[in-house]
Amino acid sequence: MAETIKLFVNGCEVEVEAGKNLIDAIGAVGIEIPHLCYHPALGADGNCRMCLVGIEDGRPPLVPACKTQAVEGMKVLLDAEHIKKIQKDVLELELINHPTDCPICDQAGECSLQDYYMTYGREESRMNVDQVKKAKKLDFGCGVVHDQERCVVCGRCVRFCRQITKTGELGIVNRTDSARVTIFPGRPLDNRYALNVVDLCPVGAMTSADFRFKQRVWFLKKNRSICHGCSRGCNITVDHNREKDSDDMIYRFRPLLNEQVNGYFMCDEGRLSYHGENENRLSEARLSKTPLSFDDAVTAALREIEKHDDILFLLSPNSTLEQMMAIRSFAEKIDATLSGFSDGYIKKGDGDDYLIQDDKSANRAGLELLGIDSSKEAFETALKKADLLLNFNNDLLLAYSETELKKLLKDTRVIGLSSHETACFQQANLLLPVASFTEYGGSIINCDSILQFFAKAVSKNSEPVEICELISLLGGPFHDRTQLWEELKKNCELLSNVDPDNIPPAGLKLTDSEADNVPA
């Protein structure tokens, strides 16, 4: 457990974590200190002055909470009249040249300046001179659009590019009313995490070209999930909405804080991978490219399985642990060969030393934990012998060319279970649609052996069938998550003590040492 201290806020005693500044320490117990420039991942800058508070111990009359560490017995004053006046004065200054275009601003509904004005300001403007005009709709590169008039020059975006990506594309030029954030001439944003500046911006000065004017944020439902873009497993918020007479659509992925996985950020590629959840989805079953009902497709699949002796199961490295267990158990039941071959999901040299991994699959560690052979040699040997291949959403065209794949599959019938209309599954004799990862829940293990659980985020008008359910329809021995987890515990020593219903939101480090999972 972290060390705690006791201090007083507006005369009331509170217990907070030691070693933190006042914004974070007091914020953790539900008491807000307004701030614009401070961000936990970027440290204190102290330029906005919105977090000024009083300390009753002989210090200067007001101190910035972002730069003041919480200490035992400290008496913090937040609600004194002179502090409220400071907050109003700061807001008045911030709003002097702000366009107050909330009705057309993408940030409306999640804007700190808007929220603070309603909470701490609500003063009529006293300005009777023209506002300073600045540039709008500036293309900063990487899909970031900047509005200089909305900017409060907090510098979060500048510090992100200097401290996190270390690329330094942004800077603040000029002074006073003329101060503005800009790029260097001819040098736009050029890093794989650039869209994080949109999340960091507290006022809507940085917007995403991908999200601009697509949805008002108060219409969006927000569910937590895990990005499947690579083996890092960044925690995300899935923002989605079902408009009248339409299906539930995802409008953006945003990073969700998980200090032992991704911190506060995620890469742009993972962030924009939400498009794949909306587009190119397989929505109907097909037999030799002729549509048929899902029930008839299941019956056809059962007939195929019954009449073939040498069957090969190929599963995806994006499958959850539960799906892997269901497929493995079904393979054992009907004496089929099982492969997790997925070399095509690895892009050597694509990863970096921050979040992005070479391995573009979400649960390769699960394959290894369950002892599923993923070698190319074993897969190709088994495929040569097999007269029927059941492909569980594994895109083989990431590993082979179309010509190579046709040659490999020329004597083998293929049943494809796919969430998307990919070229790989065009060659399947029988095709069944299944759910994609935002449409079901499950457990995965990331590149650092952290077990994480994610829940279903999106419900479609016509719910696609999840792979575990489909396996059960085809004759698999297990019919629910409880049974699958009992089997997982029996088969995996590292999972034997895991309670699947109580995996912490931050994940569980799978090691032999219990100390690794004691909260700090």
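Residues numbered from 1 in each chain as written. Predicted model: local features only at pLDDT ≥ 70, side-chain atom pairs only at ≥ 80, totals over all residues. Heavy atoms only, no water.

## Focus: the nonpolar core
- In terms of nonpolar packing, the biggest core is built from 55 residues, with F140, V144, F160, L170, V181 and M206 touching the most fellow members.
- Going through the elements one at a time, helix 2 (81-95), helix 3 (112-121), helix 4 (156-164), strand 9 (180-183), helix 5 (196-200), strand 12 (235-242) and strand 13 (248-255) are the ones with two or more residues in this core.
- No other element matches helix 4, which puts four residues into this core.
- Listed in part, the 47 residues of the second largest apolar core include L321, L370, I415 and I471. (Core = buried A, V, L, I, M, F, W, Y, C linked by side-chain atoms within 4.5 Å. Buried < 20%, exposed > 50% of the residue type's maximum accessible area, 1.4 Å probe, protein only. Helix = DSSP H or I, 4+ residues; strand = E, 2+ residues; numbered from the N terminus.)

## Description of the UniProt feature "domain: 4Fe-4S Mo/W bis-MGD-type" (unreviewed entry) in the protein chain
- Mapped onto this numbering, the UniProt entry annotates "domain: 4Fe-4S Mo/W bis-MGD-type" (unreviewed entry) at residues 220-281.
- Along residues 220-281 the backbone is 15% helical and 35% strand, and the end-to-end C-alpha distance reaches 22 Å. (UniProt positions renumbered as here; feature names shortened; annotations may be inferred.)

## Here's the deal with the pattern of salt bridges
- As enumerated under the stated definition, the model contains 29 salt bridges in all.
- Salt-bridge contacts for E110 lead to R254; the nearest nitrogen and oxygen are separated by 4.0 Å. With E110 in the loop between helix 2 and helix 3 and R254 in strand 13, this pair connects stretches of sequence that are 144 residues apart.
- By relative accessible area, E110 is classed as partly exposed at 26%.
- Linked through salt bridges whose partners overlap, the residues forming this network are D101, K136, D147, E149 and R150. (Salt bridge = Lys/Arg side-chain N within 4 Å of Asp/Glu carboxyl O.)

## Re the sheet that holds strand 13
- An order of 11-12-13 is seen for the three strands of this open sheet, with the pairing classed as antiparallel. Bordering the open sheet on either side are strand 11 (221-226) and strand 13, each of which pairs with just one other strand. When the angles between neighbouring strand axes are averaged without regard to direction, this sheet yields 30°.
- Pairing geometry for strand 11 and strand 12, over six bridges, is antiparallel. Bridge assignment links R224 to a residue of strand 12, and that residue is T237. (Pairing = 2+ DSSP bridges. Axes fitted to C-alpha atoms, helices over the stretch in contact; angles between N-to-C directions.)

## Comments concerning helix 4
- Of all the residues in helix 4, the buried ones are R156, C157, V158, R159, F160 and C161.
- Remark: K166 follows helix 4 within two positions and exhibits a positive phi of approximately 55°.

## A look at the packing of aromatic side chains
- Taken as a whole, this structure holds 12 aromatic pairs when the rule is applied.
- Between the aromatic rings of Y116 and Y120, the centroid separation amounts to 5.8 Å while the plane-to-plane angle is 65°, which identifies the pairing as edge-to-face. Separated by four residues within a single helix, Y116 and Y120 lie in helix 3, roughly one turn from each other. Neither residue differs from the other here; Y116 and Y120 are each classed as buried.
- An aromatic cluster of three or more residues is present, and its members are F160, Y264 and F265.
- Its end group placed over the ring of F211, R252 keeps NZ or CZ at 4.4 Å from the ring centre. (Phe/Tyr/Trp six-rings, centres within 6.5 Å; stacked < 30°, edge-to-face > 60°. Lys NZ or Arg CZ within 6 Å of the ring centre and 35° of its normal.)

## Some remarks on the side chain of H98
- By the element assignment, H98 lies in the loop between helix 2 and helix 3.
- The contacts of H98, once residues within four sequence positions are left out, are L113, Q131, E149 and R150. (Contact = heavy atoms within 4.5 Å.)

## Some remarks on the UniProt feature "domain: 4Fe-4S His(Cys)3-ligated-type" (unreviewed entry) in the protein chain
- Per the UniProt record, "domain: 4Fe-4S His(Cys)3-ligated-type" (unreviewed entry) is annotated on residues 82-121.
- Summarising residues 82-121: 60% helix, 0% strand, and an end-to-end C-alpha distance of 14 Å.

## Here's the deal with the packing of helix 2 against helix 3
- Look at helix 2 against helix 3: their axes get within 10 Å of each other, and the N-to-C directions meet at 140°. As far as their axial angle goes, helix 3 and helix 2 are oblique. Viewed along their axes, helix 2 and helix 3 form a crossing whose handedness is left-handed. Here Q87, K88, L91, E94 and L95 of helix 2 lie close against helix 3, whose contacting residues are L113, Y116, Y117, Y120 and G121.
- Residues of the contact of helix 2 with helix 3, tallied by class, amount to six nonpolar, two polar and two charged. (Parallel < 35°, antiparallel > 145°, perpendicular 65-115°, else oblique. Left-handed = near helix turned anticlockwise from the far one by under 90°. Nonpolar A, V, L, I, M, F, W, Y, C, P; charged D, E, K, R; others polar.)

## Examining the sheet that holds strand 4 (residues 63-64)
- What the five strands build is an open sheet, ordered 2-1-5-3-4; its pairing is mixed. On the outer flanks of this sheet lie strand 2 (12-17) and strand 4, each paired with one strand and no other.
- Packed on one face of the sheet, helix 2 meets strand 3 (52-55) and strand 5 (75-77) and runs near 165° to strand 3.

## With respect to the pairing of strand 20 (residues 430-433)
- Alternating residues of strand 20 divide into L430 and L432 and L431 and P433, and every residue in both groups is buried.
- Judged from the two bridges that link them, strand 14 (residues 285-287) and strand 20 form a sheet pairing that is antiparallel. Bridging across to strand 20, R286 finds its partner in L431.
- Bridge count between strand 19 (residues 413-418) and strand 20: four bridges; the pairing is parallel. When the sheet's bridge partners are listed, G416 is paired in strand 20 with L431.

## As for the state of the cysteines
- Applying the stated criterion across every chain, the model contains zero disulfides.
- Cysteine C234 is unpaired, with the sulfur of C230 as its nearest cysteine sulfur at 6.0 Å.
- What makes C234 buried here is its relative accessible area of 8%. (Disulfide = S-S within 2.5 Å.)

## Observations concerning the side chain of R212
- If you trace the backbone, R212 turns up in the loop between strand 10 (206-208) and strand 11.
- Among the polar contacts made by the side chain of R212, one reaches the side chain of T207 at a distance of 2.9 Å. (Polar contact = N/O pair within 3.5 Å; in protein donor to acceptor, adjacent residues only side chain to side chain.)

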